[in-house]
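Residue strings, one per chain:
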Amino acid sequence: AQWTEDRIGSHTIFLSQASVPAKGLHQVIKAVALLQKQFPNISIRIAGGNILDRSTVKKRIKFNGFANYIHHLAKDLGILDRLVFTGSLSAVEMREEYLNCSIFICPSSIENSPNSLGEAQLLGVPVIASYVGGIANMVEDGKTGLLYRFEEYEMLAQCIVKLLNDSKVAKKLGEGGKMAAMKRHDGKNNVEQLLRSYHLLSSQKI
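Residues numbered from 1 in each chain as written. Predicted model: local features only at pLDDT ≥ 70, side-chain atom pairs only at ≥ 80, totals over all residues. Heavy atoms only, no water.

### Notes on the packing of helix α1 (residues 25–33) against helix α3 (residues 65–76)
- Interhelical geometry of α1 versus α3 gives an angle of 0 degrees and a closest axis separation of 10 Å. One element, α1, and the other, α3, form an angle in the roughly parallel class. Listed contacts from α3 to L25, H26, I29 and K30 of α1 are F66, Y69, I70, L73 and A74. (Axes fitted to C-alpha atoms, helices over the stretch in contact; angles between N-to-C directions. Helix = DSSP H or I, 4+ residues; strand = E, 2+ residues; numbered from the N terminus. Parallel < 35°, antiparallel > 145°, perpendicular 65-115°, else oblique. Contact = heavy atoms within 4.5 Å.)

### Overview of the nonpolar core
- Core analysis: the largest hydrophobic core is formed by 61 residues, its most contacted members being I29, F104, I105, I128 and I160.
- Residues in contact with I29, not counting those within four places in the same chain, are I44, I70, L73, A74, L77, I79 and L83. (Core = buried A, V, L, I, M, F, W, Y, C linked by side-chain atoms within 4.5 Å. Buried < 20%, exposed > 50% of the residue type's maximum accessible area, 1.4 Å probe, protein only.)

### Brief notes about a nonpolar patch on the surface
- A surface patch of nonpolar side chains, amounting to about 430 Å² of accessible area, comprises V191, L195, Y198 and L201.
- Within the element layout of this structure, L195 appears in helix α8 (residues 187–202).
- You can call L195 partly exposed: its relative accessible area is 45%. (Patch = residues over 30% accessible without salt bridge, like charges linked within 9 Å, V, L, I, M, F, W, Y side chains within 5 Å. Areas by Shrake-Rupley, 256 points an atom, 1.4 Å probe, with all protein chains shown as cover. Salt bridge = Lys/Arg side-chain N within 4 Å of Asp/Glu carboxyl O.)

### Notes on the pattern of salt bridges
- Across all of its chains, the model carries 9 salt bridges by this definition.
- The residue E5 makes a salt bridge to K168 at a minimum N-O spacing of 3.5 Å. Taken together, the residues span a long stretch of sequence, with E5 in the segment before β1 (12–15) and K168 in helix α7 (residues 167–184) at a distance of 163 residues.
- Relative accessible area serves as the criterion here: at 23%, E5 is assigned to the partly exposed category.
- Residue R149 is joined to E151 by a salt bridge in which the shortest nitrogen-to-oxygen separation is 2.3 Å.
- Within the structure, one salt-bridge network assembled from shared partners comprises E5, K168 and K171.

### Focus: the pairing of strand β2 (residues 43–46)
- Where β1 and β2 come together, 4 bridges link them in parallel fashion. Counted as the bridge partner of F14 is R45 from β2.
- Regarding the hand of the β-α-β motif, the stretch spanning β1, α1 and β2 is right-handed.
- Relative to strand β3 (residues 83–85), β2 runs parallel, the two being bridged by 3 bridges. Residue pairing for β3: R45 is matched across the bridge by V84. (Pairing = 2+ DSSP bridges. Right-handed = clockwise from strand over helix to strand, strands pointing away.)

### Some thoughts on the pairing of β1
- Residues T12 and F14 point to one face of β1 and I13 and L15 to the other, with burial holding for every one of them.
- Relative to strand β4 (residues 103–106), β1 runs parallel, the two sharing 2 bridges. Bridge pairing links I13 to I103 in β4.

Pasting the structure below:
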């Protein structure tokens, strides 16, 4: 399966998770709020349970401070109805979310090497990611995706506009990301490198 540039027209942003502040949903909300007039059908799809759901007593008890903040932020900015929580997804369903979105965003304030970012790249999805942790080792700005500073949601908005306004650029970045990801996640090559490391270590005198 491969992402196709016609998906840009849906103006759909996909996030792999957003249940805690470190995952940066609030920054994406701020960015999208700046773009809703330019892209009237723009939406944010979020994998996982609906953290804003208060339909039962149990869910109201689990409704925490971050969820309350997200609810009020999205409501105040007029985009509450643009948030869609998918619920738990199987591997196949997750793949379909990647393939059907316009852009995958990894907006975390802290990360190591996020699997979701690598998955999106392997499918050729154009990605935008915050410049934190190991992400810079996975995304080369302008070649395999777009990078922005976590706190600068205006810059994130500019990145979104760049991709939604030019499907050719989005496709080029998606293809660049896929090539880089296929090399990075090549099983045979990774095993050979690991074995070489073990052989080197085992030959060292202690």
